[in-house]
Amino acid sequence: MTEEKTAARLRQEELFLKKESGYDRTDEACVSAMDAYCDGYKKFLDNARTEREAVKAAISLAEEKGFVPFKRGMSLKPGDRIYVSNRGKALMLAVIGTRHLDEGVNIGAAHIDSPRLDLKPYPLFEEGGFSLLKTHYYGGVRKYQWLSTPLELRGTIIRRDGTSVEVALGSEPGDPLLVIPDLLPHLAGAQSEKPLKKAVDPEALNLFLGSRPYPDAEAGERLKLAALDLLNQKYGITEEDFLSAELCAVPAHPACDVGLDRSMIGAYGQDDRVCGYASLQGLFDAKAPGKTAVCVLADKEEIGSMGVSGMQSQAFDTFIADLCDCLGAHLRTCFEHSFCLSADVNACYDPNYADVYDKRNTCFINQGVTLCKYTGSRGKSGASDASAEVMGYIRSVLNRADVLWNVSELGKIEAGGGGTVALHMANRNIDTVDAGVPVLGMHSPFEVTGKLDCYMMYLAMKAVYEA
Ligand code: MN
Ligand code: MN
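Residues numbered from 1 in each chain as written. Chains lettered and ligands numbered in written order. Predicted model: local features only at pLDDT ≥ 70, side-chain atom pairs only at ≥ 80, totals over all residues. Heavy atoms only, no water.

Let us look at the packing of aromatic side chains. Counted under the stated rule, the structure contains 14 aromatic pairs. Ring centres of Trp146 and Tyr268 lie 6.2 Å apart, and the angle between their planes is 85 degrees; this geometry places the pair in the edge-to-face category. Of this pair, Trp146 sits in the loop between strand E6 (130-138) and strand E7 (151-158) while Tyr268 sits in the loop between strand E12 (264-267) and helix H7 (270-285), and the two are 122 residues apart along the sequence. For the pair Trp146 and Tyr268, a shared accessibility class is recorded, and that class is buried. Ring pairing ties together the aromatic residues Tyr37, Tyr41, Phe44, Tyr277, Tyr455 and Tyr458, which thus form one cluster. Across from the ring centre of Tyr138, 3.9 Å away, lies the NZ or CZ of Arg116, which sits over that ring. (Phe/Tyr/Trp six-rings, centres within 6.5 Å; stacked < 30°, edge-to-face > 60°. Helix = DSSP H or I, 4+ residues; strand = E, 2+ residues; numbered from the N terminus. Buried < 20%, exposed > 50% of the residue type's maximum accessible area, 1.4 Å probe, protein only. Lys NZ or Arg CZ within 6 Å of the ring centre and 35° of its normal.)

In C-alpha cells form, the structure reads like this:
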C-alpha cells in the first residue's frame, strides 16, 4: 500500500537539500566499481610513502596508460599524453585537448607530501646503550601520535662521489623497523600534567636505531660505529653522507580496510595522496577532453607550498608556458580562462569530537566529495575564497556527472584552520576551488577515509577534466 504524501512532504522534496547517506543514492554497480578502485588506491599508498615514491609510482602508472616524457618544443596534437617530473619530487601531466590553449586548461592540483619525521642533518649519536637518529618533524604533526608506533626509514642519499642511493627500510617483508618509545605511564606523572602540545619535547623525537655495539671493547662510540658499519654495508654511506640526504621516518602500517563492513580505508599519507590518486586516475580515464587536462601532484604543501617543488614554484608556469609555446598560445590568456580544482582533503565529522565542528556546515562520511569555498582561519584569513560563479560552475559539472558532493568548512570558526594550494593557483589568475575527501585523524600515522568518498573524488576529477 503506498502512503499518500502530504502537501508539506511534497514541498519539502521540492525545496530541501538531500542529505541522506551516499549509499542510499548509489547502486550496486557503483559500489563494486568503488571496491575495485579502492583496491588500486591501497596499492598506490603502499608504494608511495614519500613524495619521491609517489612520483615514481605515478609515472609507472602513467606510462602504462601511454604517457611519455614531455620535451620542450616537441610537436603536440590532441590526445597526446605527456608528463614532466619536477626533480623527482613533483609531477605534472597533461592530456592535450581539441580546443586551443588560449581557451584555458582544466587543472587538478593535489599534493603528495605528507607529515612525517625528517632526519636532522647530523642525525646519528649514541646514548644510554642505544644508537639513535635525531629528527625534525615535517608539517603539522601531533607529536604524541608518533610514539611507540612502528616506523620505516625512507629517502634518498647523495654520496660523496655524487651517486645516489634510495633508502626504503621497511618496504621488504621481514625488514626491521624503527621506533620512538613513549614514556611508561608509571613514570609519566609530571609529563601528564603538561598541556598536550608541550608534553612531548620535539628534541626527544629520536629514533632507536640499534643496541649492539661494534665488537672491540677498546674503541669508543661503538654503538654509533656499529650503526654506521651497517649503514655502510647496506647503502655504501659514511657519516658525512647524511649531510646530503633526505631521509624520513614514516609509519610502517600498510593500507587496510577499516570497519566490519570494510567501508573505510586506514593508512598513512591519505592527506593528500587520496586526491593525488583520484586526480591521476581521473586523468587516465577522462574521455578525449576538449580543453587540455592537466594534473599536478605537488610537493611541500604541508609546509607552505614553498620551494622549487612546491605549488608556488615557477615550475608549473614553465610547464604550461612550454605547452603554450608548442601550441601557439599565450600563458596569460591560458591562465585567465583556466579552471583549477584544488584537490585536498577536509576534516570529516567525528562524533568523538563533536564540539569542534559546525554540524550544519561540516562534511560527513559517505556524502561524497566535499567542496570548500574557503579555507583559512579567523575570518577566512589566508583563503582564496571561490566566487559564487566558480561554485556554480563546479556544482553544475558535478551534477551533470552524477557525482555525490556537499559543501563544508573545516570545523567551527576560530577552532583552528588550514590551507591548501588553492590560493597559489588563484594568485596565477586561475579560477580555483577546493574539493576533496573527508578524512578522520588527519595528519596522524593512520588516517581514515570512506571508500565511497574516495571513489566519488575520482569521478569528480574525471568530470572536471572532461568539462
Ligand atoms: Mn592536504
Ligand atoms: Mn595536510
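Structure's up, so let's keep going.
Once that is clear, we can look at the coordination of the manganese ion (ligand 1). Around the manganese ion (ligand 1), the protein contributes the donor atoms His111 (NE2), Asp271 (OD), Asp344 (OD) and Asp344 (OD), which lie 2.1 to 2.6 Å from the metal centre. In primary sequence terms, the donor set of the manganese ion (ligand 1) follows H-x159-D-x72-D. A gap of 3.4 Å separates the manganese ion (ligand 1) and the manganese ion (ligand 2), which Asp271 links by coordinating each metal. Of this pair, His111 sits in strand E4 (residues 105-111) while Asp271 sits in helix H7, placing them 160 residues apart in sequence. On the basis of relative accessible area, His111 is assigned to the buried category, the value being 1%. (Donors = N, O, S within 2.8 Å, 3.2 Å for Na, K, Ca; no water.)

Looking now at the environment of Met74. Looking at the secondary structure, you find Met74 in the loop between strand E1 (68-69) and strand E2 (81-86). Residues Met74 and Asp322 lie 248 residues apart in sequence; the distance between their C-alpha atoms is 9.5 Å. With residues up to four places along the chain from it excluded, the contact list for Met74 reads Val68, Pro69, Ile82 and Cys326. (Contact = heavy atoms within 4.5 Å.)

The protein atoms that coordinate the manganese ion (ligand 2) are Asp271 (OD), Glu302 (OE), Glu302 (OE) and His443 (NE2), at distances spanning 2.1 to 2.6 Å. If you list the donors of the manganese ion (ligand 2) from N- to C-terminus, the spacing comes out as D-x30-E-x140-H.

Across the sheet, which stays open at both edges, the five strands sit in the order E11-E12-E20-E19-E15 with mixed pairing between neighbours. Each edge of the open sheet carries a strand with a single partner, namely strand E11 (256-258) and strand E15 (346-347). Note: E15 against strand E19 (residues 438-440), two bridges, orientation parallel. The residue of E19 that forms the bridge with Asn346 is Pro438. On top of the sheet, H7 reaches E12 and strand E20 (447-450); it is set at about 35 degrees to E20, its chief contact. (Pairing = 2+ DSSP bridges. Axes fitted to C-alpha atoms, helices over the stretch in contact; angles between N-to-C directions.)

Right, let's get into the nonpolar core. Ranked by internal contacts, the top residues of the largest apolar core, which has 63 residues, are Leu93, Leu341 and Met457. Among residues more than four places away in sequence, those in contact with Leu93 are Ala62, Phe67, Ile82, Tyr83, Leu280, Leu283, Ala293, Val294, Cys295 and Phe319. In terms of nonpolar packing, the next biggest core, distinct from the first, is built from 29 residues, Val141, Ile180, Leu207 and Ile237 among them. (Core = buried A, V, L, I, M, F, W, Y, C linked by side-chain atoms within 4.5 Å.)

Attention now goes to the domain arrangement of the protein. Domain parsing of the protein yields domain 1 (17-114 + 268-466) and domain 2 (117-251). On a C-alpha basis, the centres of domain 1 and domain 2 stand 33 Å from each other. In this assembly, 18 residues from domain 1 lie in contact with 14 residues from domain 2. With both sides pooled, the region where domain 1 packs onto domain 2 buries about 1300 Å², and carbon together with sulfur makes up 52% of that total. The interface formed by domain 1 and domain 2 contains five salt bridges. (Domains from an automatic or database assignment. Buried area = accessible area lost by both parts, 1.4 Å probe. Salt bridge = Lys/Arg side-chain N within 4 Å of Asp/Glu carboxyl O.)

Moving on, we come to helix H8 (residues 314-327). Because an α-helix completes one turn every 3.6 residues, residues spaced three or four positions apart along the sequence face the same direction. Taking 1.5 Å of rise per residue, 14 residues should cover 20 Å, and H8 covers 20 Å from first to last C-alpha, within 8% of that figure. Packing partners of the buried residues in H8 comprise E2, strand E3 (90-95), E4, strand E13 (292-298), helix H9 (331-336) and helix H11 (422-426). Near the N-terminus of H8, the side chain that reaches the backbone nitrogen of Ala315, with its oxygen 2.9 Å away, is that of Ser313. Where H8 terminates, the next one or two residues include Gly328, which has phi positive at roughly 65 degrees. (Expected span 1.5 Å × (residues − 1). Polar contact = N/O pair within 3.5 Å; in protein donor to acceptor, adjacent residues only side chain to side chain.)

Taken in spatial order, the six strands make up an open sheet running E8-E7-E10-E5-E6-E9, and their pairing is antiparallel. Bordering the open sheet on either side are strand E8 (164-169) and strand E9 (206-210), each of which pairs with just one other strand. Between one strand and the next, the sheet's axes are offset by a mean angle of 30 degrees, whatever the strand orientation. Pairing of strand E5 (residues 116-127) with strand E10 (residues 245-251) involves two bridges; the strand directions are antiparallel. Its bridge partner lying in E10, Asp118 is registered against Cys248.

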